[in-house]
Amino acid sequence: LGSTGYAGVISQGEKLMLKILASESAKLNFIWILKNGTDEAKLYALCGLRQLNKKESESYFAEYRTLSTEVQTMSGSEISNEKFSEVVAQIEKMR
């Protein structure tokens, strides 16, 4: 999360996550994304659920901790592929 690319802008995925986070139906929307979204969208949904309620969100992480599929991530201006499970571990370490 945070600024990406040379221009240091917030990604479209993060903008959408923040918009959902501000809605009254945030939890339901994030759960829907976990069931129907792309892998990258699911990671944003896990971030959103984590921000809504850290303790309660733990139950959503279990099925994603061992996924070995790769997702595309961006850190600063670096694009890379990481294992889904590794990104999930990073999300779980968030405050």
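Everything here concerns the structure above.
Visitor: Help me out: how do you make sense of the overall build of the chain in this one?
Guide: The secondary structure content of the chain amounts to five helices and four strands. Split into buried and exposed, the 95 residues of the chain put 31% on the buried side. By sequence separation, contacts in the chain at least 24 residues apart represent 46% of the contacts at least 6 residues apart. If you sum the accessible surface of the chain, you get close to 6,200 Å²; carbon and sulfur atoms cover 52% of it.

Visitor: Would you explain the nonpolar core in this entry?
Guide: General note: in soluble globular proteins, nonpolar side chains tend to be found buried as a group. Counting 20 residues, the largest nonpolar core has Phe30, Leu34, Leu43, Leu46, Val88 and Ile91 as its most contacted members. Listed by contribution, the elements that provide at least two residues to this core are α1 (12–21), α2 (26–36), α3 (39–52), α4 (54–61) and α5 (84–92). The contacts of leucine 46, once residues within four sequence positions are left out, are Leu34, Tyr60, Phe61, Tyr64, Val88 and Ile91.

Visitor: I'm lost on the pattern of salt bridges in this one. Help?
Guide: Pairing is possible between side chains of opposite charge, provided their charged atoms come close. Counting across every chain of the model gives two salt bridges. For lysine 27, the salt bridge is made with glutamate 56, and the minimal N-O distance between the two is 2.4 Å. Of this pair, lysine 27 sits in helix α2 while glutamate 56 sits in helix α4, and the two are 29 residues apart along the sequence. Of the residues examined, lysine 27 reaches a relative accessible area of 35% and is grouped as partly exposed. A salt bridge links glutamate 92 to arginine 65; its shortest N-O distance comes to 2.8 Å. Taken together, the residues glutamate 92 in helix α5 and arginine 65 in the loop between α4 and β3 (70–75) connect sequence positions 27 residues apart. On the accessibility criterion, arginine 65 (38% relative accessible area) is partly exposed.

Visitor: Explanation requested: the packing of α1 against α3 in the structure shown.
Guide: One can describe the packing of α1 onto α3 by two numbers: an axis separation of 10 Å at closest approach and a directional angle of 35°. In the packing of α1 onto α3, the handedness of the crossing is right-handed. Where α1 abuts α3, its residues Gly13, Glu14, Met17 and Leu21 lie against Tyr44, Cys47, Gly48, Gln51 and Leu52. Among the residues making up the contact of α1 with α3, the classes are represented as five nonpolar, three polar and one charged.

What counts and what doesn't
Residues numbered from 1 in each chain as written. Predicted model: local features only at pLDDT ≥ 70, side-chain atom pairs only at ≥ 80, totals over all residues. Heavy atoms only, no water. Helix = DSSP H or I, 4+ residues; strand = E, 2+ residues; numbered from the N terminus. Buried < 20%, exposed > 50% of the residue type's maximum accessible area, 1.4 Å probe, protein only. Contact = heavy atoms within 4.5 Å. Areas by Shrake-Rupley, 256 points an atom, 1.4 Å probe, with all protein chains shown as cover. Core = buried A, V, L, I, M, F, W, Y, C linked by side-chain atoms within 4.5 Å. Salt bridge = Lys/Arg side-chain N within 4 Å of Asp/Glu carboxyl O. Axes fitted to C-alpha atoms, helices over the stretch in contact; angles between N-to-C directions. Left-handed = near helix turned anticlockwise from the far one by under 90°. Nonpolar A, V, L, I, M, F, W, Y, C, P; charged D, E, K, R; others polar.

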